[in-house]
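# Secondary and tertiary structure notes
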Amino acid sequence: MAKEPAEHSDSYDDYQPDPGSAVERSNAPQNPGLPEEEHRITDKDPKAARTAERRIAMFFGLSVVGSIFATVAYVVFPIIPGDMTSVRLNNGLMGLGITLGLLGIGFGAVYWAKNLMSDEEMVEERHPTRGDDETREKASQIFTDANKESGFTRRSLVRNSLIGALLATPIPAVVLFRDLAPPENPSKLMKQTMWDQGVRLARDPSGEPIRAADVTIGSAFHVIPEGLKEIKSGKLEEKAKAAVLLMRLPIEDLNESEARKGWSYQGIVAYSKICTHVGCPVALYEQHTHHLLCPCHQSQFDVSNECEVIFGPAARPLPQLPITVDAEGYLVAQGDFTEPVGPSFWEREL
Ligand code: FES
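Residues numbered from 1 in each chain as written. Predicted model: local features only at pLDDT ≥ 70, side-chain atom pairs only at ≥ 80, totals over all residues. Heavy atoms only, no water.

### Considerations on the overall build of the chain
When helices and strands are counted, the chain shows 8 helices and 11 strands. Counting only residues that meet the buried cut, the chain has 34% of its 350 residues in that class. For the chain, long-range pairs separated by at least 24 residues make up 61% of all intrachain contacts whose partners lie at least 6 apart in sequence. Carbon and sulfur atoms form 57% of the exposed surface of the chain, whose accessible area is close to 22,300 Å². (Helix = DSSP H or I, 4+ residues; strand = E, 2+ residues; numbered from the N terminus. Buried < 20%, exposed > 50% of the residue type's maximum accessible area, 1.4 Å probe, protein only. Contact = heavy atoms within 4.5 Å. Areas by Shrake-Rupley, 256 points an atom, 1.4 Å probe, with all protein chains shown as cover.)

### Things to note about the sheet that holds strand β3 (residues 244-248)
The strand order β1-β2-β3-β4-β9 describes an open sheet built from 5 strands, whose pairing is antiparallel. The open sheet is flanked by β1 (201-203) and β9 (320-321), the only strands paired with a single partner. Where strand β4 (residues 268-272) meets β9, 2 bridges bridge the pair, whose relative direction is antiparallel. Across the sheet, residue Tyr 271 finds its bridge partner in β9, namely Gln 320. (Pairing = 2+ DSSP bridges.)

### So, the nonpolar core
Membership of the largest hydrophobic core comes to 20 residues, with the highest contact counts inside it found for Trp 195, Leu 201, Val 223, Leu 246, Leu 321, Ile 323 and Leu 331. Elements with a minimum of two residues in this core: β2 (220-225), β3, β4 and β11 (331-333). Core analysis: the next-biggest nonpolar cluster, separate from the first, contains 17 residues, Tyr 285, Leu 292, Phe 301 and Val 303 among them. (Core = buried A, V, L, I, M, F, W, Y, C linked by side-chain atoms within 4.5 Å.)

### Re the packing of aromatic side chains
Tallied over the full model, the rule gives 3 aromatic pairs. Ring centres of Trp 112 and Phe 152 lie 6.1 Å apart, and the angle between their planes is 10 degrees; this geometry places the pair in the stacked category. A residue pair is termed long-range when its members are at least 10 positions apart, and Trp 112 in helix α3 (residues 84-115) and Phe 152 in the loop between α4 (133-150) and α5 (156-168) qualify at 40 residues. Put simply, the rings of Phe 59, Phe 107 and Tyr 111 pair up and form one aromatic cluster. (Phe/Tyr/Trp six-rings, centres within 6.5 Å; stacked < 30°, edge-to-face > 60°.)

### Digging into the packing of helix α2 (residues 46-76) against α5
Where α2 contacts α5, the axes come no closer than 8 Å and their chain directions differ by 20 degrees. By the angle class used here, α2 and α5 are roughly parallel. Between α2 and α5 lies a crossing of left-handed hand. From α2, Glu 53, Ile 56, Ala 57, Phe 60, Ser 63, Val 64 and Ser 67 reach across to α5, where they touch Leu 157, Val 158, Ser 161, Leu 162, Gly 164, Ala 165 and Ala 168. (Axes fitted to C-alpha atoms, helices over the stretch in contact; angles between N-to-C directions. Parallel < 35°, antiparallel > 145°, perpendicular 65-115°, else oblique. Left-handed = near helix turned anticlockwise from the far one by under 90°.)

### Structural notes on α5
Along an α-helix, a turn takes 3.6 residues, which lines up residues three or four apart on a common side. For α5, spanning 13 residues, the distance from its first C-alpha to its last is 18 Å, which sits close to the expected 18 Å at 1.5 Å a residue. Within the sequence span of α5, burial applies to Val 158, Arg 159, Ser 161, Leu 162, Ala 165 and Ala 168. Check the buried side of α5 and you find it contacts α2, α3 and α6 (170-178). (Expected span 1.5 Å × (residues − 1).)

### So, the environment of Glu 230
If you trace the backbone, Glu 230 turns up in the loop between β2 and α8 (235-242). The sequence separation of Glu 230 and Gly 207 amounts to 23 residues, and the corresponding C-alpha distance is 9.6 Å.

### Quick word on the sheet that holds strand β5 (residues 284-286)
With antiparallel pairing, the 4 strands of this open sheet are ordered in space as β5-β6-β7-β8. Unpaired on one side and paired on the other, β5 and β8 (308-311) mark the two borders of the sheet. When the angles between neighbouring strand axes are averaged without regard to direction, this sheet yields 30 degrees. The pairing of β5 with strand β6 (residues 291-293) spans 3 bridges and is classified as antiparallel. Each residue of the ladder has a partner; that of Glu 286, found in β6, is His 291.

### Remarks on a positive patch on the surface
Together, Lys 47, Arg 50, Arg 54 and Arg 55 make up a positively charged patch on the protein surface. Note on placement: Lys 47 falls in helix α2. (Patch = residues over 30% accessible without salt bridge, like charges linked within 9 Å, V, L, I, M, F, W, Y side chains within 5 Å. Salt bridge = Lys/Arg side-chain N within 4 Å of Asp/Glu carboxyl O. Lys, Arg positive; Asp, Glu negative; His and termini not counted. Charge placed at Lys NZ, Arg CZ, Asp CG, Glu CD.)

### Let's talk about the state of the cysteines
Inspection of every chain in the model, using the stated rule, returns 1 disulfide. Across the disulfide, Cys 280 is cross-linked to Cys 296 (sulfur-sulfur distance 2.0 Å). Taking the torsion about the sulfur-sulfur bond, which here is approximately -85 degrees, the covalent link between Cys 280 and Cys 296 counts as left-handed. With Cys 280 in the loop between β4 and β5 and Cys 296 in the loop between β6 and β7 (300-302), this residue pair connects regions lying 16 residues apart in the sequence. (Disulfide = S-S within 2.5 Å.)

### Concerning the pattern of salt bridges
Per the stated rule, a full pass over the model turns up 9 salt bridges. Arg 40 is the partner of Asp 43 in a salt bridge, and the nearest nitrogen-oxygen pair spans 2.9 Å. Among the salt bridges present, the one from Asp 204 reaches Lys 239, with a minimum N-O distance of 3.0 Å. Within this pair, whereas Asp 204 is found in the loop between β1 and β2, its partner Lys 239 is found in helix α8, the two being separated by 35 residues in sequence. Salt bridges sharing partners connect three or more residues here, namely Arg 40, Asp 43 and Asp 119.

In C-alpha cells:
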C-alpha cells in the first residue's frame, strides 16, 4: 500500500508511490526563483511620486471633461431629421467626448498601477480552495493591504478625481437612453391603431380596398387600413400596429362567443397579425385546420375558436378586429381593436 502524502504538506519528499506507477522525474526543471527587484523612481523619490499623482489626476480630469463635452455636444448639436451633416456632427463629437471619458479613466488607472501601487513581487502559496475563517480573514487583510499600498484613502486627490470621473462617465449614456423612450405613454400608443369605424380593409402592400365578394372560402389576405399609404410620417409604426390577417371560413366552422356575434361577416374574420408572444408577424395560415402559425417561436392560434392559443409560448389570443361591409360591398372596420395588439406585456394596462 502506497504511503499518501500528509494532508496540506508542502513537500512530497516522503511520498512513496506504488511500485510500477511511479514516474521518474529526470531533468526536472529547477525553480529559477525571482529576479532581483528593481525599485521604480516613484518608490525612491517622493517628488516623482507626487508628479505621478498629479498626472493620474490629470487623466481622470480629462475623463470628466470628455464626458461633459459629449453631453454638451448632444444638446448643442442635435440631430436634425433628414440632415446627414447634423447626424455626422452629433455622432462625431459625442464619440470624441465618450472616447476621451473612457480613455481618461483607463490611462489614469494603468498609470496609477504602474507608478504608485505597490511594486513588490509576491509569492502566493497554494492552499486548499475551501474557504474557512482564516481564509476569510486573509481576504479581508488583502483588501486592507491593497488599500494601504494603493493609497486609495490616503491619496485623496487621486481618489476623488477617480470618483468624479466614474460618476461623470454614465452621464452621456443617461442622456442618450432617455431618448429611447417614446414621447407618449407606450401603453396608450399600443392601444390605439388606425382602425376606426368605416375604415376600409385594404390589401397589403397595394392599398386596394377589399370587397367581401373577393374573399373566397379558404383564402387569407394580408391587410392594412385604407389610407395608410398616404400617411407622411410614422407610416411603419402605424402599419406595425394595424396589420391584420383576413380569412374566410365556412360559417359552420366558426365558434363565436355571444359577445363577438356580429364581429365577422359571412364567415370572414379579421385578426391582428402581431403575435401576442413577442410581436412577430403571424403570417402562416393553414386553411384545412384553420390554424395560424407564428414562425418565430411556433405559437399556433385557432381561427375557428377566436384565435385561442393552441400551442407555443403566446399567452393570449390574437385580438380580433370587428368588421362589416359598407354600402358598396367593401369590408370595413366597425371600430378599433378592443384590446392592445402585440406582446402580452401591454395587457397589464388593460
Ligand atoms: S413571437 Fe410569435 S411565437 Fe414568439
